[in-house]
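Report on the structure
Here are the chains, one letter per residue:
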Amino acid sequence: MKNIFIFTTLLLTGFVFGQELKPTTAGQKISVSYPSSYVKSWDLHDDAMLQMSNSAAEKYNIIIQDEKAGLQAYQLAFNNMEEAIKFYSKGLVEGLEKSKTSKISTHKIGNNNIAEMTIEGFNFNEETEEKTKIFYLLTLVETPSYYYQILSWTLWEYKDKYLNEFKNIASTFKEVD
């Protein structure tokens, strides 16, 4: 019995960590690679240009594109990436009970500026009156013409399990011609 458990554990570990990332494109603009366990979704967020999920494993990802010219029409301009990600995370943070955010990290992927932060808090479901603790990784990518919000989330108890996967997905982001 013990040998079967060890074999099953090794087999499942190989399956989870051995998943190949597969590129997915959205429109003519972007490419992002996801593990093969994700499928395209259409009901996660109305404004998302790309939605991917693995609902059985409770992991989700959306990408929202904002054109800089459109932001300027609303007199929105950011001095740096920290200011930009604080703006984009505000609605998410305010929508959670007892929310907590991490320190913002900034770096580059290719020529694109990146800001990243984690957010956690309780989501209240009005229908069931249940509170669920949620974990988010928000990655903001700045390109010459756009800001892209890459938002990945899962249940709080899975945050350590999926954080590196979420970061890896975001690191594959690129604009394509």
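Predicted model, so just to flag it, every value in this text is computed and none were measured. (Residues numbered from 1 in each chain as written. Predicted model: local features only at pLDDT ≥ 70, side-chain atom pairs only at ≥ 80, totals over all residues. Heavy atoms only, no water.)

Before going further, it helps to spend a moment on the environment of isoleucine 134. Within the secondary structure, isoleucine 134 is located in strand E9 (residues 130-142). Along the primary structure isoleucine 134 and tryptophan 153 are separated by 19 residues, whereas in three dimensions their C-alpha atoms are 7.1 Å apart. (Helix = DSSP H or I, 4+ residues; strand = E, 2+ residues; numbered from the N terminus.)

A few words now on helix H4 (residues 159-171). The first and last C-alpha atoms of H4 sit 18 Å apart over 13 residues, in line with the 18 Å expected at 1.5 Å per residue. Buried within H4 are the following residues: Tyr162, Glu165, Phe166, Ile169 and Ala170. For H4, the angular spread of the buried residues around the axis is 140°, confining them to a single face. Exposed residues on H4 whose side chains face more than 90 degrees from its buried face are Asp160 and Asn164. (Expected span 1.5 Å × (residues − 1). Buried < 20%, exposed > 50% of the residue type's maximum accessible area, 1.4 Å probe, protein only. Arc of directions from axis to C-beta.)

This paragraph deals with the confidence of the model for the protein. Per-residue pLDDT for the protein has a mean of 86; in total, 84% of the residues score no lower than 70. Segment residues 1-18 is flagged for pLDDT under 50; beyond a separation of four residues in sequence, or across chains, it makes one contact in the model. (pLDDT = per-residue confidence, 0-100. Contact = heavy atoms within 4.5 Å.)

Under the definition given, this model contains twelve aromatic pairs. Geometrically, the ring pair formed by tyrosine 88 and tyrosine 147 is tilted, given 6.0 Å between the ring centres and 50° between the ring planes. Residue tyrosine 88 is located in helix H3 (residues 81-94), and its partner tyrosine 147 is located in strand E10 (residues 146-155); the two are separated by 59 residues in the primary sequence. Looking at tyrosine 147, the relative accessible area reads 6%, which means it is buried. Relative to phenylalanine 173, the ring of tyrosine 148 has its centre 4.8 Å away and its plane inclined at 55°; by these criteria the two rings are tilted. You can see tyrosine 148 sitting in strand E10 and its partner phenylalanine 173 sitting in the loop between H4 and strand E11 (174-175), a full 25 residues away along the chain. The class of tyrosine 148 is buried, set by a relative accessible area of 0%. Here the basic side chain of lysine 68 rests over the ring of tyrosine 147, its NZ or CZ set 5.2 Å away from the ring centre. Directly above the aromatic system of tyrosine 158 lies the positively charged group of lysine 161, at a separation of 5.7 Å from the ring centroid. (Phe/Tyr/Trp six-rings, centres within 6.5 Å; stacked < 30°, edge-to-face > 60°. Lys NZ or Arg CZ within 6 Å of the ring centre and 35° of its normal.)

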